[in-house]
Every structure is written in C-alpha cells, then in structure tokens.
Amino acid sequence: MAIYLIWGSTYLASKICLSGPHAMSVMQLQITREMVGAVILGGLTLLRYGWPAGVRGLDIGLCMFCGVLLWCGGNTLATACAPYTSSGFIVMAMGVIPLWTALFDSLFGGGAISRRMVLSLLTGLAGLAMVVWPSFHGGQAGAGQGHPLVLMLVLQLGAMSWAAGTVLQRPLAARFPGGLVAAGQLATGAVGLSCVALVLHDVPHFDLAPRQWSALAFLLLFGSVIAPGSYVAVVRTFRPEIASTFAYVNPIVGVCLGSLILGERPALLSLVGMAIILGSVALLLLPPRLLAFRGLGRNKTA
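For clarity, every value in this text was computed on a predicted model and none was experimentally measured.

**Q** Any chance you could explain the overall build of the protein chain here in plain terms?
**A** What the protein chain contains, in helices and strands, is 13 helices and zero strands. The helix and strand sequence of the protein chain, counted from the amino end, reads α-α-α-α-α-α-α-α-α-α-α-α-α. Expressed as a percentage of the 302 residues in the protein chain, the buried residues total 52%. Nonlocal contacts in the protein chain, meaning residues at least 24 apart in sequence, comprise 88% of its contacts between residues at least 6 apart.

**Q** What is the right way to look at the environment of L219 in this model?
**A** Mapped onto the elements of the fold, L219 is located in helix 10 (residues 210-237). Expressed as a C-alpha distance, the spacing of L219 and L29, which sit 190 residues apart in the sequence, is 9.3 Å. If sequence neighbours within four positions are ignored, L219 has contacts with T10, A13, S14, C17, L29, R33 and S224.

**Q** Whenever I open this one, the pattern of salt bridges confuses me. Can you help?
**A** Between side chains of opposite charge, a pair can form as their charged atoms come close. Tallying each qualifying case throughout the model produces two salt bridges. Residue D59 is joined to R175 by a salt bridge in which the shortest nitrogen-to-oxygen separation is 2.8 Å. Of this pair, D59 sits in helix 3 (residues 57-80) while R175 is found in helix 8 (residues 170-175), placing the two residues 116 residues apart along the sequence.

**Q** Looking at this structure, how should I read the layout of surface pockets?
**A** Here the idea is plain: a probe the size of a water molecule rolls over the atoms and shows the empty space left. Counted as a void, the largest pocket has a volume near 320 Å³. For the largest pocket, the lining is made up of 17 residues, of which W51, I60, C63, L180 and G184 are closest to its centre. When residues of the lining of the largest pocket are traced back to their parent elements, those giving at least two are helix 2 (26-49), helix 3 and helix 9 (178-200). For the lining of the largest pocket, the element with the most residues is helix 9, which contributes six residues. Considering only residue class, the lining of the largest pocket consists of 13 nonpolar, three polar and one charged.

**Q** Is there a simple way to think about the side chain of E34 in this case?
**A** With respect to the helices and strands, the residue E34 is situated in helix 2. Among buried charged residues, E34 stands out as having no salt bridge; its nearest opposite-charge side chain is R33, 6.5 Å away. Here A190 takes part through its backbone nitrogen, which lies 3.1 Å from a polar atom of the side chain of E34. When neighbours within four sequence positions are excluded, E34 is seen to be in contact with W71, T76, L186, G189, A190 and L193.

**Q** How should helix 5 (residues 97-109) be read in this particular structure?
**A** Structural remark: α-helix, 3.6 residues per turn; residues separated by three or four positions point the same way. The end-to-end C-alpha distance of helix 5 is 17 Å, a good match for the 18 Å that 13 residues give at a rise of 1.5 Å each. Of all 13 residues in helix 5, 10 are buried, a share of seventy percent or more. Among all positions of helix 5, only I97, P98, L99, W100, T101, A102, L103, F104, D105 and S106 are buried.

**Q** Help me out: how do you make sense of the packing of helix 2 against helix 3 in this one?
**A** Working note: a packed helix pair is described by the angle between its axes plus the distance between those axes. Two elements in contact, helix 2 and helix 3, have axes whose closest approach is 10 Å; the angle formed by their N-to-C orientations is 135°. One element, helix 2, and the other, helix 3, form an angle in the oblique class. Our pair here, helix 2 against helix 3, has a crossing hand that is right-handed. Packed against helix 2, whose contacting residues are V26, L29, Q30, R33 and E34, the element helix 3 presents W71, N75, T76, T79 and A80 at the interface. Residues belonging to the contact of helix 2 with helix 3 are distributed by class as follows: four nonpolar, four polar and two charged.

Conventions and cut-offs
- Residue indices begin from 1 for each chain and proceed along its sequence in written order.
- In keeping with the predicted nature of the model, local features appear solely for residues at pLDDT of at least 70, side-chain atom pairs appear and are counted solely at 80 or more, and the whole-chain, interface and lining totals rest on all residues.
- Each side-chain value is derived from all of the structure's non-hydrogen atoms; neither hydrogens nor water enter the calculation.
- Helix and strand definitions follow DSSP, with helices as H or I runs of at least four residues and strands as E runs of at least two, each counted in order from the N terminus.
- For each residue, the accessible area found with a 1.4 Å probe, counting protein chains only, is set against the maximum for its type, and the residue is called buried under 20%, exposed over 50%, and partly exposed in between.
- By definition, residues are in contact when any of their heavy atoms lie within 4.5 Å.
- By salt bridge we mean one thing: a side-chain nitrogen of Lys or Arg within 4 Å of a carboxyl oxygen of Asp or Glu.
- Grid spacing is 1 Å over the protein atoms alone, the probe is 1.4 Å, and a cavity is where that probe fits but cannot get out, while a pocket is an open set with protein on both sides within 12 Å along at least five of seven lines and lining residues have an atom within 4 Å of a point.
- Grid points are joined across faces, edges and corners, and a volume is the space filled by probe spheres set on the points.
- In this classification, the charged set is Asp, Glu, Lys and Arg, the nonpolar set is Ala, Val, Leu, Ile, Met, Phe, Trp, Tyr, Cys and Pro, and all remaining amino acids, among them Gly, are polar.
- Under the counting rule used here, the positive set is Lys and Arg, the negative set is Asp and Glu, and His together with the chain ends is not counted.
- Here a polar contact is taken to be a pair of N or O atoms separated by no more than 3.5 Å, where protein atoms must pair a possible hydrogen donor with a possible acceptor and residues adjacent in sequence count only if both atoms sit in side chains.
- Residue count minus one, scaled by 1.5 Å, sets the expected span of a helix.
- Working convention: axes come from line fits to C-alpha atoms, limited for helices to the stretch in contact. Angles between N-to-C directions cover 0 to 180 degrees.
- Oblique is the label for any angle not covered by the other classes, which are roughly parallel (under 35 degrees), roughly antiparallel (over 145) and roughly perpendicular (65 to 115).
- Each helix crossing is assigned a hand: it is left-handed if the near helix lies turned anticlockwise from the far helix by less than a right angle, otherwise right-handed if that turn is clockwise.

Following this line, the structure appears as structure tokens:
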C-alpha cells in the first residue's frame, strides 16, 4: 500500500520542486533525494540488522548496476520530464511499467512469452498513443515546453530501465534486508548523478520557496526512504510484474492530485488511453481461469 500511495504522488512533488523562480535542477533534486535516502535507510537498516553475512563482490556489482537502472535511468528520466509536461501526463505514460517488467522477466528468466503478454503490451502501447495524441493538437495532457513525442520516448526509456532493474534485483532482494539493498541502489544513483552534475557544472542551491521545501521534505521521507525499502520487500515476496503494479495505481493517484493541486486538466482522449493502459495491465495480471478466452494465456509455442 505504501508504494501505491507514495509513488503516485512523487511526480507531483517533483513538479513543484522543479517549477517556479526558485526551482531546483533535476540533478540537484535527484542527488539530494538519493543521497539522503541512502544515508537514512542504510543507517536504520544497519542498526537493526547489522552487516549481512555472505556479501560477495558480485552482489555489490549487481546492486550498483540495478541502482543505475532504477535511479539514474528510470526515476531520473521520469523526473527530467517534469519541467516540460504535466505530472498527470508522466504518471499516465509510466503506467506501462508492469508490462515491460513482465516482458523482461520472461526474457531474462528464460520463460516463454505468452500470447496474452504480447496482446497486453500491444494494447498498452495503443493506450500510450491515445495519451500523447491530444498534445499534438493543443490538448493539455502533455501541456508544456517539450515535444510530446520526445517526452514519451524518454518516459518509455525510463519505464524500461526501471522494469529491467526490478527484474534483475530479485536475487539481492531474496538474500539481504530490503532497506540495505535499496540504500545501496540509492547511493549508487547519487554518486553516478553527482559525476554527471560535475561535468555539466550543475551548481546546487537551496534558495527554495516554502511550498518547495514541503515538497522536498515529502520526497526525502516518503519517496526516498519508505517507498524504496518497501519496494525491495515487495520484489522479494511477489513476482516482478506484481511488484511493479504501483504503476497500475499511480496514474489514478497522480492525475487526481495534479488536477486538485496544480489545476491540470488532462484531455478526455488521454484519460481513455489511461483506462486502456490499466486494462492491459489487468489483462496481464488476471489468472488465466478468469479470462473469457483461455487461449490468451497459452505460450506462442503451444
């Protein structure tokens, strides 16, 4: 429940931090989030459990690689789009994460790709086309300064990066405390983005308005400490596509909050596209016995 409610609102909080005359840069926001989250989450986990036994160099390398995928790739690419479009547009576009996760889980895990998975992915992509279409004709779903097609491509790269990191971290989630795994990933993301910020001469500042301080505090506590640790725990317990269903609920939470707080008004066609994306994820997650057409659950090779 924590990842459902928290990550549905983090894009809105990021939008607030990255907007206005006192706006933070994307790099500053992400580095601050990830560094503070790594210190707090890692410190609390070590105090409770101590350093785990049996940590190998391969485990550390995998943790760092997943940290790059999750926090330098997935989360940062989505956050980078916030200054150029509405928060509702971002959460709608990221709603296909469970579909990419299921696809990568089959590819990396050596499983067969079922007809139902292919149909779900194609249906989800059709929903994405409906989400982005109004922005080409003056609709407000993607209102902002960025080109809608570029934004959608960046968001899908972010979604695929997050999905890949989710699938690959399963061995770590099964063997080590979730808070420690998440802290290592956050720390890797913070170090990686700090190197990028140095190259770009992105100088940090904290001359923020009260509203931005509130949004940043929310991101630090809930988005960078509670949600990441909870996510690794969910990955340990459930299949990756089930764990990633936070993106199944995010669009509903994000669109509602964006409308209430920022006055965002998504186009009707975009909302229909969001509903189609949610339906495609539901099709993927439903047990085969509940489907009207059982043939959708069979493998292509059957």
